[in-house]
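Reading the structure
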Amino acid sequence: MAKWGMTIDLDRCTACQACVTACQAENNLPPTGPDDARRGRNYTWMEMIPFEGEGERPKPIQRLLPRPCLHCDNPPCVKVCPVGATFKNEEGIVGQVFSRCIGCRYCTTACPYTARYFNWTTPRWPEPMATHLNPDVSVRPKGVVEKCSFCHHRLQNARDAARAENRPLRPGEYSTACADACPTGAIVFGDLANPKSDISKLAHSRRAFKLLEDLGTEPKVIYLREGD
Amino acid sequence: MKHDTTPALTSPLIEDAILLEPILRTGPKFYFTVAVLLAIIALGVFAYLTQFREGLGVTGLGRPVYWGIYITNFVFFIGISHAGTLISAILRIVGAEWRRTITRSAEVITVMVILFGVGNILIDLGRPDRMLNVIKFGRLQSPLLWDVCSITVYLTMSTVYLYLPLIPDIAILRDRTQKRRWLYRTLALGWTGTPRQHRVLEILIGIMAIIVIPVAVSVHTVVSFVFAMTIQPMWHSAIFGPYFVVGAIFSGIAALICAMALIRWVYGLGEYLKNIHFNNLGLLLLVMCFAWFYFTASEFLTTFYGNEPAHMGIFWMKFTGPFAPHFWTMVTTCFVIPVAILCNKRTRTIAGTVIASISVNIGMYLERFIIVVPSLSQPRLPHAESVVYHPTWVEWSILAGCFAAFTLLYVLFTKLFPIVSIWEVQEGRERSIAEVTERLKSYIPEPSSGHQVARQPAVGVGT
C-alpha cells in the first residue's frame, strides 16, 4: 500500500509562489484580493508562511515556507468531525467530502496548521476564468470546508490510465500540481512507503524536519532545512 | 372528573390569588412588551435570513477566527441554563425551605434558554440544511456529538423536571379559570390532589432531582470538551470541564436573580420573592465568585508558569494585548464588583444583588468570548496577514434576537402558568413548619439522655 507524501526543500525554494498559483488553477480556488486576505477570506490551499530564517546578518532573514495540508498520519481534524466529512484513506490522504460537510468548522479550529478553508460565500470567478475551471475538481458550494487534497483527482486519473493499460501505477505517474510547477524542484511528491523512491531518501535526510513535530500529528509533508 | 367539587383547592387560593393574576388579567403593558420583543426578534430573523442567503460571509468571521459570537452565545446560553434545574434540584434535595417560591422561575430559565444554546450552534452551521447529517452520519468520537447527546438528554429531563411540579398548579388553573380549559385539562393529567397522587409526584420529583444533577454537570463538561479536546493553546486544558461547570452555575445564579427581580417588580410579588431569597442567592453567588476566581487564577498561573511560547502568545493577548479590555472588564465584573457588593450585608439587598448579577452576566459573556476568540486569533503557525475579528450587524442582531426571543418565551410562560409554585407554597404553609421543627429537634441532643449518648464516643477516642 502506498503512503503518499511530499518533501519541500527550503534550500531550493525561492519563494516564487508558482506552487501557490498552480494549486489555485488546478483546484478551482476562487481568486481573492488583499481585502479578502485582511478579512481572512482568501483560499490558499498552498500558502506561504512567513518565518525568521537563521541569519548571520544583523537581523534574521525573513523567509517564506510553503505550507500545503500536511496530511497528518494522526490528523486532529479527522478526530473532531461530527459527521465523517473528513477522513484519512488507507493511502494516508486526508480527504474532504463536500457533500456531507455541515460547515460547523470544528476541523478548521482543531487543525494546528490552519490548513483548512471555509467557503464563506458562494465562490465566484470573473468571466473569462469561469469558463476555464478544471473539470476534474468539483466546485465547492458555500458553507462547506475545503482543503488541499494532494491533488487526489490526479491519482484517480493516473490509476485509470494504468488500469486501461493493464499495468501497475508507475512511480512518478502521480504527482501534485505544486510539485509539477516548482521551477527548482524543491517540492518532491511520491510514495513514502517505497524505500527506493526519491522522496523516501529525502525524507530520511539529516536535514529533514516536520512542522510542529512535538504535537504528534505525524505530518506526511516533510521539510528539508536550509544550509547544506 | 370530580375536580370542580374538590374543596381543598378553593380555600388557599384566596391567599395566593395574586399568583394567578398574570394568567387571568392582561394589561396594555404586556402587549407593549410583546411588541417590542417581537420587533427585536424580527430584526434577528431578518439578520439570519440574510446570512442564510449570502452565507457566513456576512459575519466578521474569517480564517483563522472561525468561531465567534455564535459559539460564545452557545456556551453562554448553555451556561445560563444551569440556573434552573441544577440549583432547583440541589435546593430540593437538601430540603432548603426557602426554595419553594423560586424553583419554578429557575426551572423555566433552563428549558427556555437551552433552545437558544442549541439554536446558536445551528445558526453557526455553514449548511444548516444538512444538520440531520449529525444523526445520519454521527461519529461518537467527535466532542460535538457528545454535546448533541448530552444536551438532548438535559433538555428532555429539564422539561420533565419543570412539568412534574407544575401538574398540581395546572389542576388549580383547570378548576379555577375559564381560560384555555382544554390545555389545562390535558396537561393536568387528571390530577385531583389525592394523597396517593401526592406521594407518586413527590417520589418522581425526588428521582428527577437526583438524576438531573449528573446530567447537568455532564452538559457543561462536554461543552468545555469541544474546546479542551483540541490541541489549541489555552484550550487544551484539563481544568476546562470543572471550570465551565463552575462558570455555568455562576452565571446561572446571576441570571436567576435578574429574572426573579423582574418577576417581583412586574407582577408585584414582593411577598413571595423576599429579601431573604435574594440574600441567600446572593451568598450563593458570592461563593461561586470565589470558586470562579480560583479556577481562573489556576488556569492563568499554570499557563504563565509553564511559559510555553504558543500558550504565552494567547496569554499576553488577553493580559496586555488586543483582548486586554475584555479580560480586565471580565475580572472587574466577575470578581471585583460582585465581591464588593455581596460581601457586605448592607449592600446585599435586592438592588445590590441585581447589580452584582448584571455585572456577573456581562463578565461571563466576556469570559466566553475571550475563551473562544483569542485562541483562534493567534494560531501556532504565523500568518502573513493578521486577521482581527469584528462581529458584524448580523451577529449582533442575531444575539439581540436570541435574548428577545428568550424573554418572550419566558413572559409567555408566566402568562400561561403560575411562575411561583402555588401548591408548594401552600404545602410549605401547611406542613413544612411542623416538619422543620421536627427536623431541627432531631439535630439537637435531648437535654438529659442525649447528653450521655454524646459523651460515649468521646471516651472511646480517648482510650
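Residues numbered from 1 in each chain as written. Chains lettered and ligands numbered in written order. Predicted model: local features only at pLDDT ≥ 70, side-chain atom pairs only at ≥ 80, totals over all residues. Heavy atoms only, no water.

Assigned secondary structure in chain B consists of 19 helices and zero strands. Since a compact globule built from 463 residues should have a radius of gyration of about 23 Å, the 25 Å found for chain B is in line with a globular shape. Per-residue burial for chain B yields a buried fraction of 56% across its 463 residues. Working note: accessible area of chain B is about 20500 Å², and carbon and sulfur atoms make up 71% of it. Looking at charge distribution, chain B has the averaged site of its 35 positive side-chain charges lying 3 Å from that of its 25 negative ones. (Helix = DSSP H or I, 4+ residues; strand = E, 2+ residues; numbered from the N terminus. Rg over C-alpha atoms; globule rule 2.2 N^0.38 Å. Buried < 20%, exposed > 50% of the residue type's maximum accessible area, 1.4 Å probe, protein only. Areas by Shrake-Rupley, 256 points an atom, 1.4 Å probe, with all protein chains shown as cover. Lys, Arg positive; Asp, Glu negative; His and termini not counted. Charge placed at Lys NZ, Arg CZ, Asp CG, Glu CD.)

The helix and strand inventory of chain A stands at eight helices and ten strands. Relative to the globule expectation of 17 Å for 228 residues, the C-alpha radius of gyration of chain A, 18 Å, shows essentially globular dimensions. With the principal axes as the frame, chain A shows a C-alpha extent of 50 × 45 × 40 Å. Within chain A, contacts between residues separated by at least 24 positions form 61% of all contacts whose residues are at least 6 apart in sequence. As displayed, chain A has an accessible area near 10400 Å², and 51% of this comes from carbon and sulfur atoms. Charge centroids of chain A, computed over 30 positive and 26 negative side chains, lie 4 Å from each other. (Contact = heavy atoms within 4.5 Å.)

Right, let's get into the confidence of the model for chain B. Residue and element names in this part refer to chain B. Looking at chain B, pLDDT values average 88 and 94% of them are 70 or higher. The low-confidence segment residues 1-11, where pLDDT is below 50, has twelve contacts with residues more than four positions distant or belonging to other chains. With pLDDT under 50 throughout, residues 454-463 is counted as low confidence; its partners more than four residues away or in other chains account for zero contacts. (pLDDT = per-residue confidence, 0-100.)

With 47 residues of chain A in contact, the opposing surface of chain B contributes 45 residues. Buried surface at the junction of chain A and chain B, both sides included, amounts to about 3800 Å², of which 58% is carbon and sulfur. Taken as a group, A:Tyr106, A:Thr109 and A:Trp120 account for 17% of the area that chain A buries against chain B, more than any other trio of residues on that side. Linking chain A with chain B are two salt bridges. Of the charged contacts in the structure, one is a salt bridge between B:Arg63 and A:Glu47, with a shortest N-O distance of 2.3 Å. On inspection of chain A and its partner chain B, the count reaches 29 residue pairs in polar contact (both at pLDDT 80 or more). When grouped by side-chain class, the residues that make up the side of chain A that touches chain B number 26 nonpolar, eleven polar and ten charged. (Buried area = accessible area lost by both parts, 1.4 Å probe. Salt bridge = Lys/Arg side-chain N within 4 Å of Asp/Glu carboxyl O. Polar contact = N/O pair within 3.5 Å; in protein donor to acceptor, adjacent residues only side chain to side chain. Nonpolar A, V, L, I, M, F, W, Y, C, P; charged D, E, K, R; others polar.)

Moving on to helix H11 (residues 195-228) of chain B. Over its 34 residues, H11(B) extends 49 Å from the first C-alpha to the last, a length consistent with the 50 Å expected when each residue adds 1.5 Å. Along its length, H11(B) shows its largest kink, about 25 degrees, at B:Val212, and proline B:Pro214 lies within four residues downstream of that point. (Expected span 1.5 Å × (residues − 1). Bend = angle between axes of the 7 residues up to and from the residue.)

Now for the sheet that holds strand S8 (residues 187-191) of chain A. Residue and element names in this part refer to chain A. The strand order across the open sheet built from four strands is S8-S1-S10-S9, with neighbouring strands paired in mixed fashion. Every other strand in the sheet has two partners, leaving S8 and strand S9 (208-209) as the edge strands with one partner each. Of the strand pairs in this sheet, S9 and strand S10 (residues 221-224) are connected by two bridges, and their pairing is antiparallel. Paired with Ala 208 across the strands is Leu 224, a residue of S10. (Pairing = 2+ DSSP bridges.)

For the rest of this paragraph, the subject is the packing of helix H9 (residues 167-176) of chain B against helix H18 (residues 422-443) of chain B. Residue and element names in this part refer to chain B. In the contact formed by H9 and H18, the axes pass within 7 Å of each other and the chain directions differ by 105 degrees. Here H18 runs roughly perpendicular to H9, going by the angle between their axes. Contact with H9, carried on its side by Pro 168, Asp 169 and Ile 172, involves Ile 422, Trp 423 and Gln 426 of H18 and no other residues of that element. Here the contact of H9 with H18 is composed, by residue class, of four nonpolar, one polar and one charged. (Axes fitted to C-alpha atoms, helices over the stretch in contact; angles between N-to-C directions. Parallel < 35°, antiparallel > 145°, perpendicular 65-115°, else oblique.)

The subject of this paragraph is a nonpolar patch on the surface. Residue and element names in this part refer to chain B. A contiguous nonpolar patch, built from Ile 90, Ile 93, Val 94, Val 200, Ile 203, Leu 204, Ile 207, Ile 210 and Ile 211 and spanning about 760 Å² of accessible area, is present on the exposed surface. Looking at which element gives the most residues to the nonpolar patch, the answer is H11, with six residues. Along the chain, the position of Ile 93 falls in helix H5 (residues 84-93). (Patch = residues over 30% accessible without salt bridge, like charges linked within 9 Å, V, L, I, M, F, W, Y side chains within 5 Å.)

The next point concerns the layout of surface pockets. Picture a little ball the size of a water molecule; that probe, rolled over the atoms, points out where space is still empty. All names here are of chain B. By volume, the largest pocket amounts to about 1000 Å³. Taken together, 31 residues form the lining of the largest pocket, with Thr 33, Leu 262, Val 266, Thr 407 and Val 411 sitting closest to its centre. The set of elements that each furnish at least two residues to the lining of the largest pocket consists of helix H2 (21-24), helix H3 (28-54), helix H4 (69-80), helix H6 (103-124), helix H12 (240-267) and helix H17 (393-416). Ranked by residues supplied to the lining of the largest pocket, first place goes to H12 with eight residues. (1 Å grid on protein atoms, 1.4 Å probe; cavity = no way out; pocket = protein on both sides within 12 Å on 5 of 7 lines; lining within 4 Å. Points joined across faces, edges and corners; volume = space filled by probe spheres on them.)

What follows concerns helix H14 (residues 309-319) of chain B. Within H14(B), burial applies to B:His311, B:Met312, B:Gly313, B:Ile314, B:Phe315, B:Met317 and B:Lys318. Looking at the buried residues of H14(B), the elements they touch are helix H13 (275-306), helix H15 (324-342) and helix H16 (350-377) of chain B.

Turning our attention to the side chain of B:Gln197. Note on placement: B:Gln197 falls in helix H11. Within the local environment of B:Gln197, its side chain forms a polar contact with the backbone oxygen of B:Gly190, the two atoms lying 3.2 Å apart.

Here we come to the packing of aromatic side chains. In this structure the tally under the stated criterion is 45 aromatic pairs over all chains. Relative to B:Tyr389, the ring of B:Phe369 has its centre 6.2 Å away and its plane inclined at 25 degrees; by these criteria the two rings are stacked. On the criterion of sequence distance, the pair formed by B:Phe369 in helix H16 and B:Tyr389 in the loop between H16 and H17 is long-range, its members being 20 residues apart. Look at B:Tyr389 and you get buried, because its relative accessible area is 8%. Put simply, the rings of A:Tyr106, B:Trp67, B:Phe227, B:Trp235, B:Phe240, B:Tyr243, B:Phe244, B:Tyr294 and B:Phe295 touch in pairs and so form one group of aromatic residues. Directly above the ring of A:Trp120 sits A:Arg41, whose terminal nitrogen or CZ lies 5.1 Å from the centroid. Over the ring of B:Phe137 we find A:Arg100; its NZ or CZ atom is 3.6 Å from the centre of that ring. (Phe/Tyr/Trp six-rings, centres within 6.5 Å; stacked < 30°, edge-to-face > 60°. Lys NZ or Arg CZ within 6 Å of the ring centre and 35° of its normal.)

With that settled, the discussion passes to the pattern of salt bridges. Residue and element names in this part refer to chain A. Going through the model one piece at a time under the given rule, you end up with 32 salt bridges over all chains. When the shortest N-O distance is used, the salt bridge between Glu 26 and Arg 154 registers 3.1 Å. In this pair, Glu 26 sits in helix H1 (residues 18-26) while Arg 154 sits in helix H6 (residues 152-164), placing the two residues 128 residues apart along the sequence. For Glu 26, a relative accessible area of 16% corresponds to the buried category. By relative accessible area, which is 22% here, Arg 154 ends up partly exposed.

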